[in-house]
Each structure stands twice: as C-alpha cells, then as structure tokens.
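Below, each chain spelled out in residue letters.
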Amino acid sequence: MFALELVLTESWYLVLAAMLFSIGAAGLMIRRNLLVMFMCVELMLNAVNLSFVAFARGLDDVGGQAVVFFVLVVAAAEVVVGLGIIVAIMRRRQGSTADDISLMRG
Amino acid sequence: MELVWLIPALPVAGFLLLLAVGRKLDEPFAGVIGTLAVAGSFLVSCVVALDLMSQPEEKRQFVQTLWVWMPVGSFHVDFGFLLDPLSITMCLFITGIGALIHLYSIGYMKGDPAFGKFFMYLNLFVASMLLLVLGQNLLVTFLGWEGVGACSYWLISFWFDDKANATAGKKAFVTNRIGDCGFMLGTFLVWVTIGSIDYVEIGRSAGAVVGATATAVALLFFLAATGKSAQLPLFVWLPDAMAGPTPVSALIHAATMVTSGVFLLSRLSPIMEHAGWANDVIAWVGAATALLAAGAAVAQNDIKKVLAYSTVSQLGFMFIAIGSYNYTGAIFHMITHAFFKALLFLGAGSVILAMAHEQDMRRYGNLRKYIPVTFVTVGIGWLAISGIPPFAGFWSKDEILAGAWAVDGYGPALWAVGFVTAILTAFYMTRLMIMTFFGGVENWRNPELLADAEPEVPLGADADAVEGADGTGAEATLAHAATATDTHDDHHAHDEHHGLTPDHTPVESPTTMLVPLIVLAGLALIGGLLNLPFSHRLHFLKEWIHPVIVGEHELPEAAVLWVLAIVAITGAVVGIFFAYRVYQQRKVDPAKLEKPVLAHAWYIDDTYAAVVGGPGEAAFQGAADFDAGIVDGAVLGVAHGTDAAAKVLKPVQSGIVRTYAAGVAIGTVALAVFVIMRMGF
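Along every chain, residues carry numbers that run from 1 in the direction the sequence is written. Chains carry letters from A onward and ligands carry numbers from 1 onward, assigned in written order. Local features in this predicted model are restricted to residues whose pLDDT is 70 or higher, and side-chain atom pairs enter the listing and the counts only when it is 80 or higher, whereas totals over whole chains, interfaces and linings include all residues. Water and hydrogen atoms play no part in the side-chain values, which are based on all heavy atoms of the structure.

1. Considerations on the overall build of chain B
Line of reasoning, step 1. The secondary structure content of chain B amounts to 26 helices and 2 strands.
Line of reasoning, step 2. Only protein chains enter the area calculation, which uses a 1.4 Å probe; residues under 20% of their type maximum are buried, those over 50% are exposed, and those in between are partly exposed. Scored against the burial criterion, the 681 residues of chain B give a buried share of 57%.
Line of reasoning, step 3. Counted over contacts in chain B with a minimum sequence separation of 6, partners at least 24 positions apart contribute 81%.
Line of reasoning, step 4. Per-residue accessibility takes into account occlusion by the displayed protein chains alone, with areas from the Shrake-Rupley method and a 1.4 Å probe. Accessible surface computed for chain B: about 26300 Å², of which carbon and sulfur atoms make up 70%.
Line of reasoning, step 5. Within this scheme the basic residues Lys and Arg register as positive and the acidic residues Asp and Glu register as negative, but His and the chain ends are omitted. By convention, the point assigned to a charge is CZ for Arg, NZ for Lys, CD for Glu and CG for Asp. Here chain B carries 34 positive and 54 negative side-chain charges, and the mean point of each set is 2 Å from the other. Strands here are runs of E lasting at least two residues and helices are runs of H or I lasting at least four, both read from the DSSP assignment and numbered beginning at the N terminus. Only heavy atoms enter the contact rule, under which two residues are in contact if any of them lie within 4.5 Å.

Here is the structure:
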C-alpha cells in the first residue's frame, strides 16, 4: 500500500496564512462593498494570527500565542466600531460603495 | 521714617482722583486737589526729613520694602524705597517747588478746557519723580525715569492741536529713548558685575567694579543722563520742550526732571569713584554744553528759549561738578538752580500772561512799570543766576568752579570754560532783563514791530541767511511764530500774540501766581545758606549728604577760594555791564553779537535734522526694504514653496480607500523586498 507521508510542518501553516492574507488583501483592494472589505480585513487579521500561532509552536515560544489574544481583543473592538460606522453610512445613503465615500479627497 | 511710602503715594492718589473725577470738577477744584496732594507730600517729606536728622549719622539709611517685585531665580528685585539724606533732599525740593508750581498753575491755566487733565499729568509727574529719587534699586528708579519721560511728553504736547507742540513732545520722547538705552545697558552691566541692582548692595560691593567695567558703567549712565538732563549731544529736545505750558517748563524742564541725571550719577558715586577717565569725559561734556548753550542763549528772542538754553548751560555746570568729583557742588547747584530757574520761568510765565501770550522779547520793554512784583522777583532770579553775592546762585556756581579748579591736570582749563560761561550767563540774563523790563521803549506799541511776525530771526540779522538755514532745519525747530493761528480758535491760544495790540496794557498776574514767585524769590535770595564756604560748620549740605557720597574730592584751600570768588564776581559784573552797554545804552549794535549761528544753537539741531532726514532716512528706508524684501521674503518663500508642493501632491489624497490600501500593500511589499535583499536571504 502506497502510503503518503504527509508531515504537517509549520511551513504548511505559514503558507496557508500567506494565502489567506493575500486573499484578504486582494479582496480589500478589489471589492467595493464596505461589508465585504471589512470581512477581508478580518481575514487578513486572522491570517496573521495563524502565522503567530505557527511561529509560537515552531519556536517553542508562548509569546506568539499571547499576542494572538491581544489581536483577537483588538479585532473584536474594531468590529464593533467598524460595523457601527458601516451601519451609520448605510442608513444615510442606500447601497453606497466605498469609492463614493471620498469626502476627504485632496 | 516708616511714612516714606506716603511721599509718592499722595501724588499718586491725587492723580487717581483726578483721573476718576477730574473732568467733572469745576475749574479751581481740580487744581486745588492737585496742589493739596503735592503739598501734603511736602509736609510728609518735612516730617521724614526731621526724623532722619534726629538719627545719628550712621543710621541715616532706611530701606522700606513694600513688596517683592520680580523674584526670578537668583535675580531678585524688590519694590521699595531707599531713604537717606540724598533722596530726602531731592524729595524736599521736588515736592516744595512742585507744590508752588501747582499753586501757580491754578492761575496760569485759568480758562483752559483741559484744566483737570493738566493737574492730573502734573501729579503723575511728581509721583514719578519721587519714585525716581526714592527708588531702592536701579529698576525702581528706571520706572520713575520712564514715568517722568512719559509725563514730560504729555505735558510738552499738552496743546497738541498745534502740530509744532505735538512734534516737540515727540522729539523729546525719542531723544530720551536714546539715553534710556544707556540706562538699561548700565543696569545690565551692574547686575552682571555685582549680582544686584540695589543701591545699598552697589555701595557695599562697588569695590568689585573696577577698571574698564566701572568706566563703562559710568559712561552708560552718563549717556542716560545726557538724554534726560539735556547735555551734548542729546540736548536738542529741551529748547523745543518750551512748547509746553510755562509751569511745565518751570517744574519739569528746569527744576526737577532735567536734574535727574545729576542725581543718578551722584547716587552711583561709589562706582564713579573707580570710573577713571569717564569722569574726564563727563566734566568736559558738561563744560562744552555749558559754553555752547550759554552762547546760544545770547541770541534767542523768545523769552522761554533764553531760559531753556540757560537751563542746558546750568546743567552743564552740574556735570562739570560731577566730573570733578564735586558731588556736593552738583547737588547744591541743583537745589539753588531749582529755586532761581523755577522762579525765572514762573516770572517769564507771568510776563507772558501779562503780554497776551506774546513770548518775543523784542515786543516787550519797560514792563517794570506795569508788573512790579514780577519785575522784582525775576530781578532776584536774575542776580542769583548771574552769580552776584549773596544770592543763591553765586555760592553754588562758585563751589563748582572751585571744584573744577582743583581737578588734576586740566583743572584751570576747566575752570576757564566755566568762567567764560558764567560771564555769558550774566550777559544774556541782563539782556533778558533789559529787553523785558527796561529799555525805555514799549515796543509792542510800535505797530511795525507787531506786524513783523517772525520772532526766530534775530534783530537786524541777514534774513536771507537765516531763512536758508530754516529750510534745512528740523520741522521741530519750534517756530512760535504765527503759523498756526487757525488751529487755535477753540481755546485761548498760548503761543500766539494775536491778543497783543499797540494799545495793550500789561496787567499784573493774580495772587495765586505771585505767591509762588515771592516764595521762590526768597529761596533764591537765601538758598546759599545751605552750604556757605566760610567754615566747616557752615557746610550743612556737605555734612548732610556726606554719608551717601563716596570719593568726593576736597575743594582748594580758603585763599584760592577767595581769589576765585573775586574773579568770578568780577566776571559777572563785567557781563552785566557789557549787556547794559549794548542793550540799555545801545553803544553796540546787538546784531553784531546775535549771530545766526548762535540763534540756531550752532546748527547742531539743524545738522541732526539734515543727517537724520537725509542719509539717515535713506538708511532707515534701506532697513525697511531689507525687512520687506529679505526677511519677509524668506518667510513668504517658505510658505509659497509649501503651497506649490501641496498642489503637486494633492491628487494622492484621492479619498478612495482602496487606493490607499493598494498603496499600503505595495509599500509593505517593497519594504519586505528591501529588507530581505539587504539581509541577504
């Protein structure tokens, strides 16, 4: 029986994190819907979290995991604020996209 | 002695009261309040002075600190008063003469629409002057110094609707600022050297100020004195200051403020002792000023201008005394001069009032018949300033000349300059007396003389030459001439002579004006008693201020004094006799003596005007252009550059979030690539 030796080293996790981050970054730049952009940001955050955990495991340093908790907490706060802003914008102008909200352009 | 704060506080109170209600008061009351405030101050000064006299000599120094003014690190200035024989002497004659002049002003300023304002300024002036002399340190003195300067400015241009008066005030103010630079720099230098600006501390540690530093301090404070006390080269403002009301000329520009330079240098005698050649400079500047101003006084036709140049000249005498370490002589002359010059100015004011505000002596003559009290009192002032014994001026002037004689090296030369000045003084004062009170001809009855309305031109002088000089002259060279009759319609015109008609009959002034004249005449008569030279026991003033003064030189021995005194009396008599020959007997044509160069005070003022108005103005314009072009240009250039850069960079801020995100991503990638490359992965 041909058995596939599949050893999950931390590199796999890092590659996965890089892929998730890239998807998130591309989404942020391509999509115009505010809510989707917001989800992309979350995706990037969690990609970074994943890489932290992977490094913590690989380097045997619990500090990486500790950082993740901070990121989670900050991300939760950010979601609260961000969603509040998005809801406020949606109430004012129906179906607007991120590009329409450009009052601060130079 | 604890009452010393009351001395300046009373005039301040008078000032505040007049500031609050002065406008609403009926005419005499504002004057009464002002007079009472200063008279009260005089009474307090007397009480304090008696208290001080009852103390033993070494205890005659009392410092009263009212509050801490500036506690800045190790720099610590108190607001307080230093009471000692010098300051109380000053207080006595400032408040005494000040009260008399306030009383006189009630009569002189009668009918002026700004009657209350006048007394408000006068009270503020007296308060500032008292602050100046009572100050416990250089900064309090400086406060008073600036205060009297400001009051002088307001009072010179009191009738400011005549442009010439306003200009004269400005000129006095600006000229004094030059001197004030010296005061400030001197204060800084004292602070840096000694670490304190208290007079007591300066007296204690003056030994630490030696050589070049002491010379520099002395010269800086002398610069301050040349401004305030109208010495060369800054004397030009004082003759113009005669634009003010005559009581102001008497109080500020003759008796008190202009002597503050002499006071300041006497106060700093511990430093002056070490100042070396600075004292020679002071003595010679004083001598030159005395001589030049006396020369200029010979050719003035405005009665107040004669007295103004005479004041400059007498102040020069005081600086001769300071420069020859003869502080007692300087202060003695300061006091007697305050008596007789205030008397002469007030007398001149009385004459001017009697002659319908005419100031040109060529339109006077024979006035002794009409205003006998004024004539007698001014006559006493004339004898006093001419140096005829036993009048006050003789004793003090003689002491200064004796002190000058005793100076090492050039003493006799210094004495000779003073002696010539004394002869000139007797001459021009006799000229004033004869033109005003004698002469036998009542010149204002001559319609031709009245019509000739150019008092600045000396009698019989080449009018063209003078007019040419006038063209280059400063606009501030006061023409009291009838150039501004139209501006004066709303109140009685003080500088005009439109009231003087051929049928005018001079009337003696009211009692409020005659009382001060009589009191001052008495003082001018007996003022010499303060410091008679005959015996040490008669040196009251010298013994009195001796504890305050450091490094005073002794006068020559008695035999020399006698000879010098006899020579001086002879000189004075010669001066009077010569003037009698010229102006009474008309043996010599006055025009030969009254040269235009004298009438224009050696063209010093005109030269300033030409220099400042020509190259000076060009230089100032250059500085202004530099400021507008280079300094402002640099600032504006930065602003314009920023603006231009902003225009270029503005589109980057597109307002589209996704673009920013792309920018961040690209930047991050670029940074990552850079780091990886550099770290050699």
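Structure's up, so let's keep going.
2. Topic: the packing of helix α5 (residues 138–156) of chain B against helix α6 (residues 163–194) of chain B
Residue and element names in this part refer to chain B.
Line of reasoning, step 1. α6 packs onto α5 with a crossing angle of 170 degrees between their chain directions and a minimal axis gap of 8 Å. Judged by the angle between their axes, α5 and α6 are roughly antiparallel. The segment α5 lies against α6, with L138, T141, F142, W145, E146, G149, A150, Y153 and I156 engaging N165, A168, G169, K170, A172, F173, R177, D180, F183, M184, T187 and V190. Interaxial angle, 0 to 180 degrees, is taken between N-to-C directions of lines fitted to C-alpha atoms, where a helix line uses only the stretch in contact. We call two directions roughly parallel when the angle between them is under 35 degrees, roughly antiparallel when it is over 145, roughly perpendicular when it lies between 65 and 115, and oblique otherwise.

3. Comments concerning the domain arrangement of chain B
Line of reasoning, step 1. How far each domain reaches was decided by an automatic or database domain assignment. According to the domain assignment, chain B consists of domain 1 (2–464 + 478–599) and domain 2 (614–679).
Line of reasoning, step 2. On a C-alpha basis, the centroid separation for the pair domain 1 of chain B and domain 2 of chain B is 62 Å.

4. Considering the interface of chain B and chain A
Line of reasoning, step 1. Listed by partner, the interface residues are 10 residues for chain B and 12 residues for chain A.
Line of reasoning, step 2. Buried surface area refers to the total accessible area, computed with a probe of radius 1.4 Å, that the two partners give up upon joining, counted for both partners together. Note on chain B versus chain A: buried area summed over both sides is about 880 Å², and carbon and sulfur give 63% of it.
Line of reasoning, step 3. Sorting the residues of chain B by area buried against chain A places Q653(B), G655(B) and R658(B) first, and these three jointly supply 53% of that buried surface.
Line of reasoning, step 4. Whenever Lys or Arg places a side-chain nitrogen within 4 Å of a carboxyl oxygen from Asp or Glu, that contact is recorded as a salt bridge. If you look at where chain B meets chain A, you find 0 salt bridges.
Line of reasoning, step 5. We call two N or O atoms a polar contact when they sit within 3.5 Å, provided that within protein one can donate a hydrogen and the other can accept it, with sequence-adjacent residues counted only if both atoms are side-chain atoms. Linking chain B with chain A are 2 residue pairs in polar contact (both at pLDDT 80 or more).

5. So, helix α3 (residues 85–108) of chain B
Line of reasoning, step 1. To estimate how far a helix should reach, multiply one less than its number of residues by 1.5 Å. With 24 residues, α3(B) ought to run about 34 Å at 1.5 Å a step, and its terminal C-alpha atoms sit 34 Å apart, in line with that.
Line of reasoning, step 2. Counted residue by residue, α3(B) has 22 buried out of 24 residues, so it is predominantly covered.

6. Describing unusual backbone geometry
Residue and element names in this part refer to chain B.
Line of reasoning, step 1. Following L232, the chain continues to P233 via a peptide bond in cis, the omega torsion being 0 degrees.
Line of reasoning, step 2. Here P389 and P390 are connected by a cis peptide whose omega angle stands at 5 degrees.
Line of reasoning, step 3. Along the polypeptide, P390 turns up in the loop between α16 (372–386) and α17 (392–405).
Line of reasoning, step 4. Phi at Y325 is positive, roughly 55 degrees, even though this residue is not glycine.
Line of reasoning, step 5. The topology assignment puts Y325 in the loop between α14 (303–323) and α15 (327–354).
Line of reasoning, step 6. The class for Y325 is buried, based on a relative accessible area of 15%.
Line of reasoning, step 7. Phi at N366 takes a positive value of approximately 60 degrees, unusual for a residue other than glycine.
Line of reasoning, step 8. By secondary structure assignment, the location of N366 is in the loop between α15 and α16.
Line of reasoning, step 9. The exposure class of N366 is buried, given its relative accessible area of 9%.

7. Brief notes about α6(B)
Because an α-helix packs 3.6 residues into every turn, residues spaced three or four apart end up facing the same way.
Residues and elements named next belong to chain B.
Line of reasoning, step 1. Between its terminal C-alpha atoms α6 stretches 46 Å, which fits the 46 Å expected from 32 residues at 1.5 Å a residue.
Line of reasoning, step 2. Bend at a given residue is defined as the angle between two axes, one fitted to the seven residues that end at that position and one fitted to the seven that begin there. If you look at α6, its biggest bend is around 30 degrees, right at I178.
Line of reasoning, step 3. Of the residues trailing α6, G195 is marked for its positive phi of about 90 degrees.

8. Quick notes on the packing of α3(B) against helix α21 (residues 511–526) of chain B
In helix packing, the relevant descriptors are the interaxial angle and the interaxial distance, both defined with respect to the helix axes.
Residues and elements named next belong to chain B.
Line of reasoning, step 1. Contact geometry for α3 and α21: axes closest at 7 Å, N-to-C directions at 150 degrees. Viewed along their axes, α3 and α21 adopt a mutual orientation that is roughly antiparallel. Handedness of the α3/α21 crossing: left-handed. Here α3 contributes I97, L100, L103, Y104, G107 and Y108 to the contact with α21, which in turn contributes T512, M513, V515, P516, V519 and L520.
Line of reasoning, step 2. Three categories are distinguished: nonpolar for Ala, Val, Leu, Ile, Met, Phe, Trp, Tyr, Cys and Pro, charged for Asp, Glu, Lys and Arg, and polar for the others, with Gly belonging to the last. Here the residues of the contact of α3 with α21 are counted per class, giving 10 nonpolar, 2 polar and no charged. For any pair of crossing helices, the crossing counts as left-handed if the nearer helix is rotated counterclockwise from the farther one by less than a right angle, and right-handed if it is rotated clockwise.

9. Here we look at the environment of L103(B)
Residue and element names in this part refer to chain B.
Line of reasoning, step 1. Within the element layout of this structure, L103 appears in helix α3.
Line of reasoning, step 2. Residue L103 is classed as partly exposed on the basis of its relative accessible area of 24%.
Line of reasoning, step 3. Linking L103 and L36, residues 67 residues apart in sequence, is a C-alpha distance of 9.0 Å.
Line of reasoning, step 4. Once you skip the residues sitting within four places of it in the chain, L103 turns out to touch T35, T512, V515 and P516.

10. What to know about the state of the cysteines
Line of reasoning, step 1. Cysteine sulfur atoms are paired as a disulfide whenever they fall within 2.5 Å. For the structure on display, the rule yields 0 disulfides over all chains.
Line of reasoning, step 2. The thiol of C46(B) is not disulfide-bonded; the next cysteine sulfur, from C91(B), is found 11 Å away.

11. Here's the deal with the pattern of salt bridges
Residue and element names in this part refer to chain B.
Line of reasoning, step 1. Tallying each qualifying case throughout the model produces 14 salt bridges over all chains.
Line of reasoning, step 2. Two residues, D84 and R267, come together in a salt bridge whose shortest N-O distance is 2.7 Å. You can see D84 sitting in the loop between β2 (75–83) and α3 and its partner R267 sitting in helix α11 (residues 260–267), a full 183 residues away along the chain.
Line of reasoning, step 3. What makes R267 buried here is its relative accessible area of 6%.
Line of reasoning, step 4. Among the ionic pairs, E358 bridges to R363, the shortest N-O distance being 3.1 Å.

12. What about the confidence of the model for chain B?
Residue and element names in this part refer to chain B.
Line of reasoning, step 1. On a range of 0 to 100, pLDDT expresses the predictor's confidence in each residue. On average, residues of chain B carry a pLDDT of 86, and 93% of them reach 70 or more.
Line of reasoning, step 2. The low-confidence segment residues 454–497, where pLDDT is below 50, has 101 contacts with residues more than four positions distant or belonging to other chains.
Line of reasoning, step 3. In the predicted assembly, ipTM is 0.82 and pTM is 0.76.

13. Details of the packing of aromatic side chains
The geometry of two aromatic rings is summed up by the distance between their centres and the angle between their planes.
All names here are of chain B.
Line of reasoning, step 1. Pairing of aromatic rings covers Phe, Tyr and the six-membered ring of Trp, with a centre-to-centre limit of 6.5 Å; geometry is then stacked below 30 degrees between planes, edge-to-face above 60, and tilted otherwise. The full count for this structure, using the stated rule, is 27 aromatic pairs over all chains.
Line of reasoning, step 2. Geometrically, the ring pair formed by F79 and F81 is edge-to-face, given 6.1 Å between the ring centres and 70 degrees between the ring planes. Exposure class is identical for F79 and F81. Each is buried.
Line of reasoning, step 3. Criterion for a charge above a ring: Lys NZ or Arg CZ within 6 Å of the ring centre, and within 35 degrees of the ring normal. The ring of F173 is capped by R177, whose NZ or CZ atom sits 4.2 Å from the centre of that ring.
Line of reasoning, step 4. Seen from the ring of Y199, R267 lies directly overhead, with NZ or CZ sitting 5.2 Å from the centre.

14. Quick notes on the pairing of β2(B)
All names here are of chain B.
Line of reasoning, step 1. Burial within β2 is extensive, with 7 of its 9 residues counted as buried.
Line of reasoning, step 2. For strand β1 (residues 62–72) and β2, the ladder comprises 9 bridges, and the chain directions are antiparallel. By the bridge assignment for β2, T65 is matched with G80.
Line of reasoning, step 3. Any two strands are treated as partners once DSSP identifies two or more bridges connecting them. Hairpin connection, β1 to β2: the antiparallel pair is bridged by 2 residues, and G73 has positive phi, about 55 degrees.

15. Digging into a nonpolar patch on the surface
Line of reasoning, step 1. A contiguous nonpolar surface patch, about 580 Å² in accessible area, is contributed by L4(A), L6(A), L8(A), W12(A) and Y13(A).
Line of reasoning, step 2. We classify L8(A) as exposed; its relative accessible area is 52%. Here, patches come from residues exposed beyond 30% relative accessible area and free of salt bridges, joined within 9 Å for like charges and within 5 Å for nonpolar side chains (Val, Leu, Ile, Met, Phe, Trp, Tyr).

16. Here we look at the environment of V560(B)
Line of reasoning, step 1. With respect to the helices and strands, V560(B) occurs in helix α23 (residues 558–584).
Line of reasoning, step 2. Between the C-alpha atoms of V560(B) and A37(B), which are 523 residues apart in sequence, the distance is 46 Å.

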